[in-house]
Amino acid sequence: MKIAIIGGGPAGLYAAILLKKQRPQADITVYERNRADDTFGFGVVFSDATLDNFEKYDPASYRRITQEFAYWDDIAVHFRGTVHRVGGNGFCGCSRRMLLTILQERARELGVHLMFEAEIDEIDGLADADLVVLADGINSRFRERFADHFEPEVDLRSNKFAWMGSTKPLDAFTFIFQETGWGPFIAHAYQYEIGHSTWIFETDPATFKRAGLEGLGEKESALRMHEIFGWFLGSYPLLTNRSMWRNFPMIRSKRWVKDNMVLLGDAKATAHFSIGSGTKLAMEDAIALADAMHSAPTVEAALQLYETGRREEVEKTQHAADVSLVWFEHVDRFWDFDPVQFAFGVMTRAKAITYDNLTLRAPDFVAEVDRAFASQVRAKGFDVDIENPVAPMFQPLRLREMELANRAVVSPMCMYSAKEGVPGDFHFVHYGSRAIGGAGLIFTEMTCVGRDARITPGCAGLWNDEQQAAWRRIVDFVHANSTAKICLQLGHAGRKGATKLMWDGMDRPLEQGGWDVLSASPIPYFPDSQVPREMDRAAMDRVKAEFVAAAQRGDACGFDMLELHCAHGYLLASFISPLTNQRGDEYGGTLENRLRYPLEIFSAMRAAWPAHKPMSVRISATDWAEGGITGDDAVRIARAFGEAGVDLVDVSTGQTVRDAQPIYGRMFQTPFADQVRNEAHVATMCVGNITTADQVNTILAAGRADLVALGRPHLVDPSFTLRAAAWYGAEIACPPQYLPGKEQIFRNSVRDRQDFDELKIKGKPKTRAELRAAAKPLAAE
């Protein structure tokens, strides 16, 4: 077999090593356009888990690598005159040049041919190769040559960064967030060998321009960075090696394989440097390719196996890197945070590290985070314990005169089980059991303001006395048997009305028994959906009156809070989104115009709703579709509602149009709640694939939302919050009938938590930094 590898970086060299080990008789050649000792950048970084993988696949190169690496266990966050160190991370660094030298020597040892200063511009010269590995980096010529097939997408991100080095020794992976007269600068730094460290400097484009960095050469840029970070660098210089300022390209390729050619490493996909995964991804690509070549009977089958088997892991890593990247792009959102909360946000920005995870690794740090959070609560007028505070999830919150005992919320979830809009026994048990279960706030499902405002025939409503009496019964039970507060969510289905029950076909039009539907513009949801009637002024006045009447009925029911539903493509959302609003009057066109009618309704409801009771609004912070609402629009929407008197913005996303392309994942909507909260400066509630109390604490402690709503976890466990309180040792109200059960779970949770923590600690392998530190005394003897 003849294998040609284009690119002599870590991906290409490691692929050559592994493939040659599998096929000693194969003719494998690596073509590299640069000289053997050319390298750009300074250090590379790997986690202990990545090194475990290297040890498994090629012990010889692994041993050489680990002999050369610098190890550290701590991450140090410097911010506004403070430093917070968090241990238990298990990272190691190595000179990029040394890594390449090790891999080159190992490849030669196995019989791989290395061709340097070899320009391979045309694939025709490799026509006799059975396999062509395209590992020619971020600016891959072959990816671009066959762009019509690979279909790469390149998103050039906004922040500017430059990669430099220094002789400054470091004992931790170091983040420095530096305020200047021009704006914020960030340094990502780590030691990769004795006497040498990597320094990546990053800033936003406006700060970059104000600082006069545009057009500066490497030397001048290094001097400017030394001026900014000189207090930390001291007399140690900054070194350059093609250290020009540039923008990070997020690259994704729709296809990785063409005929017998395959993309590896940065040629196919990039991951932002803030999570240190570029070289890791490249070398693990090589591992995945080697595994596929070993398992499949033909090259064609192997390449397909590689792509299908590897893509999910790559995309997961890219997603984490993208989330981290966005955090750094918008670091100014958090610049006024308490330093310990800021440091917690740094640690948890990519979602891999959480509140519970850090509690095991750095309990003193998390205790400081808890105290800082409790101090913020005390500053709001609550008499909470600051020295021994409860976890953030169990800190109280006040909205106007409504006080919540904790930050856990039962998300609004349509049950589609009402009869002519009347909530029945199912609803009574559903809401009552979840209130007893300990949640601080219960939301009703979207409750429709009129019969023709319903989504389905099973939707609950509040437009007549029978419905009002049924809701009053539920509210009275909640208040009599729990400390939970209950919020009425009011909405109008708009063009998504007259559809089947969820389990019969969500959003599909009724085949019989339907009703006329309304919308901002006459655009059907599905091509075969009913075409809605564009609302005229008379219809707008009628619907507004229905919302006001329902709000007044809600007050008569005793609801503690009122929410207006302006999300998910329903009537009011259809006015806000440009994808569904094509009006030519004063209610169409600009965002301000598209917001006009929803704000009219909100203001009318606010006037009718008691002043001491809070109101919220649910919005779709993005339509997940080109030309639709964006996160920046969501900030403007939230500000407009804030000026109208909203107390909380319930941040959801999407469901506006059928061709939306949401990016799902854990806590996938939380970044939008974060943006709205910290740019519009209004309280927010986040929702969306949040499943654990650990995630709730992580979100709250990082200042990403003020309340956290959970849907599906509450469907299967009405006592979700009570269980979490037992786990974290937080006091929580419980009806006297259930006290024995509460007492038992609190007793058991002390032991269960201790056993769980011990198992996690025992099960976690020691980092190489810990092993090296433990070995030093023995070596001294």
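Residues numbered from 1 in each chain as written. Predicted model: local features only at pLDDT ≥ 70, side-chain atom pairs only at ≥ 80, totals over all residues. Heavy atoms only, no water.

For the rest of this paragraph, the subject is the overall build of the protein. The number of helices and strands found in the protein is 26 helices and 30 strands. Here the protein has a C-alpha radius of gyration of 29 Å; the compact-globule value for 781 residues is 28 Å, and the two agree. For the protein, the spread of C-alpha atoms along the principal axes amounts to about 85 × 60 × 55 Å. Across the 781 residues in the protein, those meeting the buried criterion constitute 59%. In the protein, 71% of the contacts between residues at least 6 apart in sequence involve partners at least 24 apart. By element, 51% of the accessible surface of the protein is carried by carbon and sulfur atoms, the whole surface being about 31400 Å². Seen as two clouds, the 87 positive and the 103 negative side-chain charges of the protein have centres 1 Å apart. (Helix = DSSP H or I, 4+ residues; strand = E, 2+ residues; numbered from the N terminus. Rg over C-alpha atoms; globule rule 2.2 N^0.38 Å. Buried < 20%, exposed > 50% of the residue type's maximum accessible area, 1.4 Å probe, protein only. Contact = heavy atoms within 4.5 Å. Areas by Shrake-Rupley, 256 points an atom, 1.4 Å probe, with all protein chains shown as cover. Lys, Arg positive; Asp, Glu negative; His and termini not counted. Charge placed at Lys NZ, Arg CZ, Asp CG, Glu CD.)

Time to look at the sheet that holds strand β1 (residues 2-6). Taken in spatial order, the 6 strands of this open sheet run β8-β2-β1-β9-β17-β16, and their pairing is mixed. Two strands lie at the open edges of the sheet, namely β8 (113-116) and β16 (257-258), each paired on one side alone. One ladder, built from 4 bridges, connects strand β2 (residues 27-32) with β8; its direction is parallel. Bridge pairing in β8 links T29 to H113. (Pairing = 2+ DSSP bridges.)

Going through the model one piece at a time under the given rule, you end up with 47 salt bridges. The salt bridge partner of R255 is E151, with a shortest N-O separation of 2.7 Å. Here R255 is found in the loop between β15 (246-253) and β16, whereas its partner E151 is found in the loop between α6 (147-150) and β10 (152-166), with 104 residues between them in sequence. Of the charged contacts, one joins D285 and K268 as a salt bridge, the two residues approaching to 2.6 Å between their closest N and O atoms. Of this pair, D285 sits in helix α9 (residues 278-295) while K268 sits in the loop between β17 (261-263) and α9; the two residues are 17 residues apart in sequence, bridging distant segments of the chain. As far as burial versus exposure is concerned, D285 and K268 are alike and both buried. What you see here is one network of salt bridges that share partners, running through K21, D58, R106 and E109. (Salt bridge = Lys/Arg side-chain N within 4 Å of Asp/Glu carboxyl O.)

Attention now moves to the packing of helix α14 (residues 425-436) against helix α15 (residues 465-481). At a minimum axis separation of 9 Å, α14 and α15 run at an interaxial angle of 20 degrees. If you check the angle between α14 and α15, you find them roughly parallel. Judged by the sense of rotation from one axis to the other, the crossing of α14 with α15 is right-handed. Judged by residue contacts, D425, H427, F428, Y431, G432, A435 and I436 of α14 engage W471, R473, I474, F477, V478 and N481 from α15. Classifying every residue of the contact of α14 with α15 gives 8 nonpolar, 3 polar and 2 charged. (Axes fitted to C-alpha atoms, helices over the stretch in contact; angles between N-to-C directions. Parallel < 35°, antiparallel > 145°, perpendicular 65-115°, else oblique. Left-handed = near helix turned anticlockwise from the far one by under 90°. Nonpolar A, V, L, I, M, F, W, Y, C, P; charged D, E, K, R; others polar.)

Spatial strand order, β3-β7-β4: 3 strands in an open sheet with antiparallel pairing. Pairing within the sheet leaves two strands with one partner each, and these edge strands are β3 (43-47) and β4 (70-72). For this sheet, the mean angle separating the axes of adjacent strands, direction not counted, is 25 degrees. Sheet topology note: the β3/strand β7 (residues 91-95) ladder contains 5 bridges and is antiparallel. Considered in β7, the bridge of F46 is made with C92.

Attention now goes to the nonpolar core. In this structure, F177, F342 and F365 are the most contacted members of the largest nonpolar core, which totals 139 residues. Residues within four places of F177 in sequence aside, it is in contact with V77, H78, F79, R80, F185, I186, W327, F328, V331, W335, F342 and V346. Counting 57 residues, the second largest nonpolar core, distinct from the first, contains A11, L99, L264 and A288. (Core = buried A, V, L, I, M, F, W, Y, C linked by side-chain atoms within 4.5 Å.)

Let's shift gears to the pairing of strand β6 (residues 82-86). A regular strand places its side chains so that they alternate between the two faces of the sheet. Note that strand β5 (residues 75-79) and β6 share 5 bridges and pair antiparallel. Residue A76 lies in a different strand from β6, and its bridge partner there is R85.

Overall, the prediction assigns the protein a mean pLDDT of 93, with 97% of residues at 70 or greater. In the model, residues 777-781 has pLDDT below 50 throughout and makes 0 contacts with residues more than four positions away in sequence or in other chains. (pLDDT = per-residue confidence, 0-100.)

On to helix α22 (residues 693-701), then. Counting buried positions over the 9 residues of α22 gives 9, a clear majority of the element. G703 occupies a position one or two residues after α22 and carries a positive phi of about 70 degrees.

Okay, the packing of helix α1 (residues 10-22) against helix α4 (residues 96-110) next. Look at α1 against α4: their axes get within 9 Å of each other, and the N-to-C directions meet at 25 degrees. Between α1 and α4, the angle is such that the two are roughly parallel. At the point where α1 passes α4, the crossing takes the left-handed sense. Contact residues: α1 offers P10, L13, Y14, I17, K20 and K21, while α4 offers R96, L99, L100, L103, Q104, R106, A107 and L110. For the contact of α1 with α4, a count of residues per class yields 9 nonpolar, 1 polar and 4 charged.

So, about the packing of aromatic side chains. Within the structure shown, the criterion is met by 43 aromatic pairs. With 5.2 Å between their ring centres and 90 degrees between their planes, F79 and W335 make a pair best called edge-to-face. Taken together, the residues F79 in strand β5 and W335 in the loop between α10 (299-329) and α11 (339-348) connect sequence positions 256 residues apart. Residue classification places F79 among the buried positions, given a relative accessible area of 2%. On the basis of relative accessibility, which here comes to 9%, the residue W335 falls in the buried class. Ring geometry for W335 versus F342: centroids 6.1 Å apart, planes at 85 degrees, classification edge-to-face. Of the aromatic side chains, those joined through ring pairs into one cluster are W72, F79, F173, F175, F177, Y190, W327, F328, F334, W335, F337 and F342. (Phe/Tyr/Trp six-rings, centres within 6.5 Å; stacked < 30°, edge-to-face > 60°.)

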